[in-house]
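# Fold and geometry: a report
One letter stands for each residue in the lines below.
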Amino acid sequence: MKIKKNNQRRDFIKTSALLTGGAMLSPFSLPGAYAAGDDAIKIAVIGCGGRGTGAVFQAFETGQNIQLVAMADAFKDRLDQSYERIFKKYGKDKVVVPEEMKFTGFDGYKHAMKEADVVIIATPPGFRPDHFEEAVKQEKQIFMEKPVATDAVGIRRVLAAAEIAKAKKLNVVVGLQRHYQDNYIQTIDRIHDGAIGDIIGGQVFWNDGGVWVRERQPGQTEMEYQMRNWYYFNWLCGDHITEQHVHNIDVANWVKRGYPVKAEGTGGRTVRRGKEHGEIFDHHVVLFTYEDGTVIHSECRHFPGATNRVDESFQGTNGKVYMNAGHTGRLTDYKGNSLYEHDGKNNANPYQVEHDQLFDAIVKGEYKFADAENAAKSTMSSILGRYATYSGKSITWDEAINSDISLMPDRLAWDAEPKVVPNEEGYYAFAVPGKTKVV
């Protein structure tokens, strides 16, 4: 399966804006005065946790004429905390969100989106298919965090909405920010130009000590508890192979210019086995096989106190490459001679760059970004890996993408029960390789 070139920054679609009588019109009908800075671009944030709040900061830091006009989150306290942080930093001229434009609950996102030109989607991943579909339906320009779903059912919905977004010429940037990071762009460009020959193997890692835990509070329903502690439940998070390690798997796909056709691997719960750790594994080791037979070793784990490693290495017929998020990009031949060494000094923050480029395109009325398809397929690659570790079986891409097993609750309400609930002792069932069905 080949990556379409519009998934790489240098190859983003160059489709011109609609022209009428020689005047450039924004593809989402924003007034041409935006280019002159006469009117503010209105943004809404959907999901007011740390990532959503940070994305609003980055939108403002683009230097464009932007106003935050609506906010939505399932929880009022989280929305209020986010509002206070944003207002304290940017003030009343940029933060124009009266109480009636602060939407809470499961359907608030629909109302917030109506108020905006650009939508920031930063909810837990399980909700992103719903939210992305609605943003496309309302014809908004979109920044969406990764990953974009937690199961194959959600991925198919995102892929369908991505096609509609392209047809409508809606810019969609997804927070796989390595695509906006100079060392990755420059190094992978050289790989694709043949600097180390054909890629025949590789290793991608996200090994660290894990993330936060939010303890159960008195009076919480099961739905609220799981949403507060969302990282540990697959319908919300997708396990850390999807929520976190998708970055590194995406780099493998970018380097290979394709997606894995098969995965097999192992995983389990070795260290994090408490009630508070929900149902996810604390380690996954996967072998991804690509169409040409190349095998990429993928590894992620959350072991507190163990050695951390977050990087990507690949081997070609004529040399090898090493990259990491710390702005390293290094190509060498097999004698150790340097072929390329990226100078990471003063490199721009990719989290900022992705917003800079998105809002620059919007101000200019340009259609340039169509990240959703690649984001969905890289997310699906990580889900394929999870299917392999959870089942203990070799799973093909076609088997995985066609799975009809949905993780989402049948009903979204505070009194509704998720599909996985604790037993009498407070522990959650988790996957057992060899027994668990995933497709």
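Criteria and cut-off values
Residues numbered from 1 in each chain as written. Predicted model: local features only at pLDDT ≥ 70, side-chain atom pairs only at ≥ 80, totals over all residues. Heavy atoms only, no water. UniProt positions renumbered as here; feature names shortened; annotations may be inferred. Helix = DSSP H or I, 4+ residues; strand = E, 2+ residues; numbered from the N terminus. Core = buried A, V, L, I, M, F, W, Y, C linked by side-chain atoms within 4.5 Å. Buried < 20%, exposed > 50% of the residue type's maximum accessible area, 1.4 Å probe, protein only. Contact = heavy atoms within 4.5 Å. Axes fitted to C-alpha atoms, helices over the stretch in contact; angles between N-to-C directions. Parallel < 35°, antiparallel > 145°, perpendicular 65-115°, else oblique. Left-handed = near helix turned anticlockwise from the far one by under 90°. Nonpolar A, V, L, I, M, F, W, Y, C, P; charged D, E, K, R; others polar. Polar contact = N/O pair within 3.5 Å; in protein donor to acceptor, adjacent residues only side chain to side chain. Phe/Tyr/Trp six-rings, centres within 6.5 Å; stacked < 30°, edge-to-face > 60°. Lys NZ or Arg CZ within 6 Å of the ring centre and 35° of its normal.

### Quick word on the UniProt feature "domain: Gfo/Idh/MocA-like oxidoreductase N-terminal" (unreviewed entry) in the protein chain
Per the UniProt record, the feature "domain: Gfo/Idh/MocA-like oxidoreductase N-terminal" (unreviewed entry) sits at residues 41-166. With 49% helix and 20% strand, residues 41-166 has its two end C-alpha atoms placed 21 Å apart.

### Quick look at the UniProt feature "domain: GFO/IDH/MocA-like oxidoreductase" (unreviewed entry) in the protein chain
The sites that carry the UniProt feature "domain: GFO/IDH/MocA-like oxidoreductase" (unreviewed entry) are, in the present numbering, residues 189-320. Span residues 189-320 is 20% helix and 31% strand, its end C-alpha atoms 14 Å apart.

### Comments concerning unusual backbone geometry
Cis geometry marks the peptide bond from Lys 146 to Pro 147; its omega dihedral reads -20°. Turning to its location among the elements, Pro 147 is positioned in the loop between β7 (141-144) and α5 (152-167). Even without glycine at this site, His 327 takes up a positive phi of about 75°. Within the fold, His 327 resides in the loop between β14 (320-324) and β15 (328-332).

### Topic: the nonpolar core
Leu 68, Phe 132 and Phe 314 are the most contacted members of the largest nonpolar core, which has 122 residues in total. Considering every element that reaches this core, the biggest residue donor is helix α11 (residues 372-391), with nine residues. Residues in contact with Phe 132, not counting those within four places in the same chain, are Ile 121, Ile 142, Met 144, Val 158, Ala 161, Ala 162, Val 172 and Ala 372.

### Things to note about the packing of helix α1 (residues 50-60) against helix α10 (residues 350-363)
Remark: α1 packs on α10, axes separated minimally by 9 Å, with the N-to-C direction vectors making an angle of 55°. Judged by the angle between their axes, α1 and α10 are oblique. α10 is crossed by α1, and the crossing has right-handed handedness. When α1 is examined against α10, the residues Ala 55, Gln 58 and Ala 59 are found in contact with a partner set consisting of Tyr 351, Gln 352, His 355 and Phe 359. Of the residues contributing to the contact of α1 with α10, the split by class is four nonpolar, three polar and no charged.

### With respect to the packing of helix α9 (residues 246-256) against α11
Packing of α9 against α11 brings their axes to within 9 Å, and their N-to-C directions diverge by 110°. Judged by the angle between their axes, α9 and α11 are roughly perpendicular. Seen along the crossing, α9 lies across α11 with a hand that is right-handed. Every residue of α11 that contacts α9 at Val 246, Ile 249, Asp 250 and Asn 253 is listed here: Asn 374, Ser 378, Thr 379, Ser 381 and Ser 382. Partitioning the contact of α9 with α11 into residue classes produces two nonpolar, six polar and one charged.

### As for the side chain of Thr 379
Considering the arrangement of structural elements, one finds Thr 379 in helix α11. Residue classification places Thr 379 among the buried positions, given a relative accessible area of 1%. For Thr 379, the side chain forms a polar contact with the main-chain oxygen of Ala 375, separated by 2.7 Å.

### Regarding α1
Summarising burial for α1: nine of the 11 residues are buried, a large majority. Here α1 has its buried residues at Gly 52, Thr 53, Gly 54, Ala 55, Val 56, Phe 57, Gln 58, Ala 59 and Phe 60.

### Observations concerning the packing of aromatic side chains
The relation between two aromatic rings is expressed through the spacing of the ring centres and the mutual angle of the planes. Per the stated rule, a full pass over the model turns up 16 aromatic pairs. Residues Tyr 83 and Phe 87 carry aromatic rings whose centres are separated by 5.7 Å and whose planes lie at 25° to one another, so their mutual orientation is stacked. In this pair, Tyr 83 and Phe 87 both sit in helix α2 (residues 76-94), four residues apart, roughly one turn of the helix. Residue Tyr 83 is classed as buried on the basis of its relative accessible area, which comes to 18%. On the accessibility criterion, Phe 87 (34% relative accessible area) is partly exposed. Plain terms: the ring middles of Phe 127 and Trp 235 are 5.8 Å apart, the flat faces sit at 80° to each other, and that makes the pair edge-to-face. Taken together, the residues Phe 127 in the loop between β6 (118-121) and α4 (128-137) and Trp 235 in the loop between α7 (222-228) and α8 (240-243) connect sequence positions 108 residues apart. In this structure Phe 127 comes out as buried when scored by relative accessible area, which is 7%. One cation-aromatic arrangement involves Arg 190 over Tyr 340; the distance from NZ or CZ to the ring centre is 3.9 Å. We note Arg 214 situated over the ring of Trp 212; from NZ or CZ to the ring centre the distance is 3.8 Å.

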